[in-house]
Each structure stands twice: as C-alpha cells, then as structure tokens.
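What follows is the residue order along each chain.
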Amino acid sequence: MTKNMLRSVTSIIAMVLLLTAIIGVPSKRANALTFVIDFDPVAQFAFNTTAMSAFDVTPYGFTAGQRNTVISSVMTELRNDFYNIVSPSIPSGQQLAIDFVLGTVGDGGVTANGDIDYYYIAVGNANNASEPLGEAFLNGAFGTAGNTIGAVYTDEIFSGVFNALGTPGDLFQTTHVLEGTLAHEIGHTLGLEHCDFVGVVTPNGLDPLMASGATGLPNASRLTDREFSTSCTISGGTQTSIDQLITNVGLEDAPVVPEPATILILGIGLAGIRFMRR
C-alpha cells in the first residue's frame, strides 16, 4: 500500500468515525416533552422571594474552569435516570418520550430541539437561606408550555448537605447530590409525590429518588446514585412511580448508536470502494 493509499484509508475512516459520532450520539427528536435546564438563572422562581443567580461550583471544591464538567456530568446522570429505567413495562429499545437540554429561562424554547411542549427548570443559587433544596409545581409539566415549573437551589444543597457530608472536588458525590434533587423536582412536575423511604421497592435496590427528608431519606443517601421506584408508600396510598411516568409521559424508540466494530468495518468498506474506483 502506497503512502497516498494509506493516507486515503486513514482519512476515510476518520471521516466515517466523525460522521457516526455526530449521527450516533443519542439525541432526541421533536415532539417529545422537553425540559430546558438553566444553570445561569437570573429570574425569580415563583416560590422564591429573591432572584436566583448562576450555579457556583467553587464551594463544592471545583475551580470555575471545571464548571462545564460538573454540569455535563449532572446532565448525563439526569438522562440516565429517566432513559435507563429497568422495568418490564418498558420494552427493549424504548425509553420515556422525554428530553433534557441546556438553555436559558425565557429564551422562547429556541434550545428545545423544535419541541413545542417545553418547560424550564432553574438550577442555581437561591440567595435565600429560608429555601429548601428544591421546589416544583406538582403536574407542572402538563400546564402552559414555556413556564418555569421547578427550581434546584445549589447553595442550599451545599449548606444543607454537601458541606457536612461531602468530599470537596468529588465529582461522583457532587453529581448525585445535585442531580438527585433535579430529578426529584422534575418527578414532581410529572405527577410523582413523595415516597416513604421505608418499604420502598426499586429496580436495582438503590435508594428512591422521590423520597425526601420529611419521608425518612438520610442526607447521606443524597450523595449516592438513586432511582425511581417500582412501588412506594405515599400520603394516602401507594405509588408505582415508574409506571406512572410511563403513563404520563409515554414511550418512544431509543436512539441507536452503532457499535465501534461496525463503524470500523464500514470505514474499511468505503475505503475499498474508493480504491476499486481508482
């Protein structure tokens, strides 16, 4: 094989890998219920009496330059909690018809991937010591599109949980202590209520996302991976959190990501076709 031929093979394989990486990244399509997550909120959330401000990673032991790394980790775990639910009610190859994107409150949904059914969640400092870890409107995701329906207060999470129990600079703990509250509040907007910590059943035995301090959740559990429950006790009855999410949100086909070996074979095949033409 000549140097020119080798360069051609390398170039074609690199191009195929790049195209497949772009096409194969799981991304949602229009017409899904979309949550726009704003880590730089400036507006006042309905329950809060003061204006929020941007999420600050430095109290958690990270540098300002690592902020995007932390945000990316939180978003990845958020998608994992909603997309990778283990349940016989979710057939193989399907997932909840829901989307999560980064954006700005009040941007008119320009970040919502063309979805017209979108809602905002603000994530940042509450600047108000009387606020809880987070707040949301129950069933808020079934109201008027474009509303801000929930908030996660990162300064309250730090002072109320992480400062006493967390390890500064620990990405795993920071991700879960923030994302657990974010997923919990989004769960409320989708109709889920607080679960009792005792007696809850989850698919993988992890602590439940919809438990709270008032229902027995230890603060130490907030630093760990949690999941939605198969069944739990709520005020006045029981809740099958996963089945309720399926009923309220619906299912869709999950994006397909080609295997690396398939990508390589495709690249070699294209290279071969090019050489044959020569």
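Heads up: these notes are all about the structure in this document.

### Some remarks on the packing of helix α2 (residues 67-83) against helix α4 (residues 171-189)
Then step 1. Across the interface, α2 lies against α4 with an axial gap of 9 Å and an inter-helix angle of 50°. Between α2 and α4, the angle falls in the class oblique. The hand of the α2/α4 crossing is right-handed. For the pair α2 and α4, contact is made by T69, V70, S73, V74, E77, L78, D81 and F82 and by L171, T174, T175, H176, L178, E179, L182, A183 and I186, respectively.
Then step 2. Partitioned by chemical class, the residues of the contact of α2 with α4 number nine nonpolar, five polar and three charged.

### Observations regarding the packing of aromatic side chains
Then step 1. Under the counting rule described, the total for this entry stands at 13 aromatic pairs.
Then step 2. Between F39 and F55, the aromatic rings sit 6.0 Å apart at their centres with planes inclined by 50°, giving tilted as the arrangement. Remark: F55 occurs in the loop between β2 (53-54) and α2 and F39 occurs in the loop between β1 (33-38) and β2; sequence separation between them is 16 residues. Assigned by exposure class, F39 and F55 land together as buried.
Then step 3. Taken together, a centroid distance of 5.4 Å and an interplanar angle of 70° make the contact between Y60 and F158 edge-to-face. Placement of the pair is Y60 in the loop between β2 and α2 and F158 in helix α3 (residues 154-165), with a sequence separation of 98 residues.

### Here we look at the environment of I242
Then step 1. Within the secondary structure, I242 is located in helix α5 (residues 241-249).
Then step 2. For I242 and L192, which are 50 residues apart along the polypeptide, the C-alpha to C-alpha distance reads 9.4 Å.

### Remarks on the nonpolar core
Then step 1. F35, I37, F82, I186 and L190 are the most contacted members of the largest nonpolar core, which totals 50 residues.
Then step 2. Here this core takes seven residues from α2, the largest share from any one element.
Then step 3. The residues touching F35, leaving out its near neighbours within four places in the chain, are I98, D99, F100, V101, Y119, I121, A141, I149, I186, T189 and L190.
Then step 4. F45, A122, A126 and A151 belong to the second-largest nonpolar core, a separate cluster that totals six residues.

The rules behind the values
- Residues numbered from 1 in each chain as written.
- Predicted model: local features only at pLDDT ≥ 70, side-chain atom pairs only at ≥ 80, totals over all residues.
- Heavy atoms only, no water.
- Axes fitted to C-alpha atoms, helices over the stretch in contact; angles between N-to-C directions.
- Helix = DSSP H or I, 4+ residues; strand = E, 2+ residues; numbered from the N terminus.
- Parallel < 35°, antiparallel > 145°, perpendicular 65-115°, else oblique.
- Left-handed = near helix turned anticlockwise from the far one by under 90°.
- Contact = heavy atoms within 4.5 Å.
- Nonpolar A, V, L, I, M, F, W, Y, C, P; charged D, E, K, R; others polar.
- Phe/Tyr/Trp six-rings, centres within 6.5 Å; stacked < 30°, edge-to-face > 60°.
- Buried < 20%, exposed > 50% of the residue type's maximum accessible area, 1.4 Å probe, protein only.
- Core = buried A, V, L, I, M, F, W, Y, C linked by side-chain atoms within 4.5 Å.

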